[in-house]
Amino acid sequence: MGRPRSFDENAALDAAIDVFSRYGYEGASLDQLTAAMGINRPSLYGAFGDKADLFEKAIARYAEGPGRAGVAAIEAAPDLATAIRNFFGVIEANSCTQNRPPGCLVACVLGEAAGIDPRWRDMALRMARESERRVAAAFARFVPAEKAATLARLIQTLGIGLAAAAKAGLSPAELQARIDTARDAALTAAA
């Protein structure tokens, strides 16, 4: 029987999310990961497996936490226009806030890693479809299912583009202008 873990696994995963978000899968070193997570390599391997396993667990945690913020913002809205504004407000908060890695862990980092390993390509595709389904279901409160699905595809595509622009290093002002344009385009499409 081993000793109980002396660290919070969720806090360690959150730290790994930050490192992967900043450096990507390939760029994130084990030294960076263990330092940020506050653990040593044997603890990392014992709790999370190898780097690839840790990446998958970080992606899963992100998808069920910060990755659901856009859907939650839509679900909290009283009407369609507010739902769209709320969704883009989440993108703005995630992309224009200092001391946060720019972009989206799933759209940017997992999307990039999908070219490395087929399991990540499959994971990225599954997650994109699930996210689109959740967004469409949230919009279906306000519009017929077909229009909700179209709006979900539109804002998901715009959101991925905005995440990529943030990751590419656009200034907050440039990014804000693109967020405003994307939001206005979605509001027009919803009308």
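Please refer to the structure placed before this passage.
Calculation criteria
Residues numbered from 1 in each chain as written. Predicted model: local features only at pLDDT ≥ 70, side-chain atom pairs only at ≥ 80, totals over all residues. Heavy atoms only, no water. Helix = DSSP H or I, 4+ residues; strand = E, 2+ residues; numbered from the N terminus. Rg over C-alpha atoms; globule rule 2.2 N^0.38 Å. Buried < 20%, exposed > 50% of the residue type's maximum accessible area, 1.4 Å probe, protein only. Contact = heavy atoms within 4.5 Å. Areas by Shrake-Rupley, 256 points an atom, 1.4 Å probe, with all protein chains shown as cover. Lys, Arg positive; Asp, Glu negative; His and termini not counted. Charge placed at Lys NZ, Arg CZ, Asp CG, Glu CD. Core = buried A, V, L, I, M, F, W, Y, C linked by side-chain atoms within 4.5 Å. Polar contact = N/O pair within 3.5 Å; in protein donor to acceptor, adjacent residues only side chain to side chain. Phe/Tyr/Trp six-rings, centres within 6.5 Å; stacked < 30°, edge-to-face > 60°. Lys NZ or Arg CZ within 6 Å of the ring centre and 35° of its normal. Expected span 1.5 Å × (residues − 1).

Trainee: For this particular structure, what's the right way to read the overall build of the chain?
Mentor: A count of helical and extended segments in the chain gives 10 helices and 0 strands. Start at the N end of the chain and walk to the C end: the helices and strands fall as α-α-α-α-α-α-α-α-α-α. Relative to the globule expectation of 16 Å for 191 residues, the C-alpha radius of gyration of the chain, 18 Å, shows essentially globular dimensions. Taken along its principal axes, the extent of the C-alpha atoms in the chain is 60 × 35 × 30 Å. Within the chain, the proportion of its 191 residues that are buried is 40%. Residue pairs in contact within the chain that sit at least 24 positions apart in sequence constitute 66% of those at least 6 positions apart. Summed over all atoms, the accessible surface of the chain reaches about 9900 Å², with 53% contributed by carbon and sulfur. When the 22 basic and 22 acidic side-chain charges of the chain are each reduced to a single mean position, those positions are 2 Å apart.

Trainee: Could you clarify how one ought to interpret the nonpolar core in this entry?
Mentor: Within soluble globular proteins, side chains that are nonpolar generally end up buried alongside one another. Formed by 33 residues in total, the largest nonpolar core has its most connected members in F20, L33, M37, F48, L54, F55 and L110. Broken down by secondary-structure element, the contributors of at least two residues to this core are helix 1 (9-27), helix 2 (30-37), helix 3 (41-48), helix 4 (51-64), helix 7 (105-113) and helix 8 (118-139). In terms of residue count, the dominant contributor to this core is helix 1 (8 residues). Not counting chain neighbours up to four residues away, the residues in contact with L110 comprise F55, I59, L105, W120, M123, A124 and M127. The next biggest cluster of nonpolar side chains, apart from the first, holds 27 residues, and it includes I74, A83, F88 and L162.

Trainee: Just checking my understanding: could you explain the side chain of S21 for this structure?
Mentor: Residue placement: S21 occurs in helix 1. Accessibility expressed as a relative area gives 10% for S21, which makes it buried. Of note is the side chain of S21, whose polar atom sits 2.8 Å from the backbone oxygen of I17. Setting aside its immediate chain neighbours within four residues, S21 contacts P101, L105, V109 and K167.

Trainee: Even after reading the chapter, I still don't get the packing of aromatic side chains, so can you show me in this structure?
Mentor: Pairs of aromatic rings are described using the distance from one ring centre to the other and the angle between the two planes. According to the stated counting rule, one finds 7 aromatic pairs in the structure shown. Between F7 and F48, the aromatic rings sit 6.3 Å apart at their centres with planes inclined by 45 degrees, giving tilted as the arrangement. In this pair, F7 is assigned in the segment before helix 1 and F48 in helix 3, connecting sequence segments 41 residues apart. Ring geometry for F20 against Y25: centres 6.1 Å apart, planes inclined by 20 degrees, an arrangement best described as stacked. Here F20 matches Y25 in class, with each residue buried. Following the ring pairs from residue to residue traces out a cluster consisting of F20, Y25, F55 and W120. Stacked on the ring of Y25, the Lys or Arg K51 has its end atom at 4.6 Å from the ring centre.

Trainee: Sorry, what's going on with helix 8 here?
Mentor: Since the α-helix advances by 3.6 residues per turn, residues separated by three or four positions end up pointing in the same direction. An ideal rise of 1.5 Å per residue puts 32 Å on 22 residues; helix 8 measures up with 32 Å between its terminal C-alpha atoms. Within helix 8 the residues assigned to the buried category are W120, M123, A124, M127, V135, A136, A138 and F139. The N-capping residue of helix 8, defined by a side-chain oxygen 2.9 Å from the backbone nitrogen of R119, is D117.

Trainee: What is the right way to look at the environment of N86 in this model?
Mentor: Mapped onto the elements of the fold, N86 is located in helix 6 (residues 80-95). Sequence-wise, N86 and A69 are 17 residues apart; in three dimensions their C-alpha atoms are separated by 9.7 Å. For N86, the residues in contact, after removing those within four places along its chain, are A73 and A77. Here A73 takes part through its backbone oxygen, which lies 3.0 Å from a polar atom of the side chain of N86.

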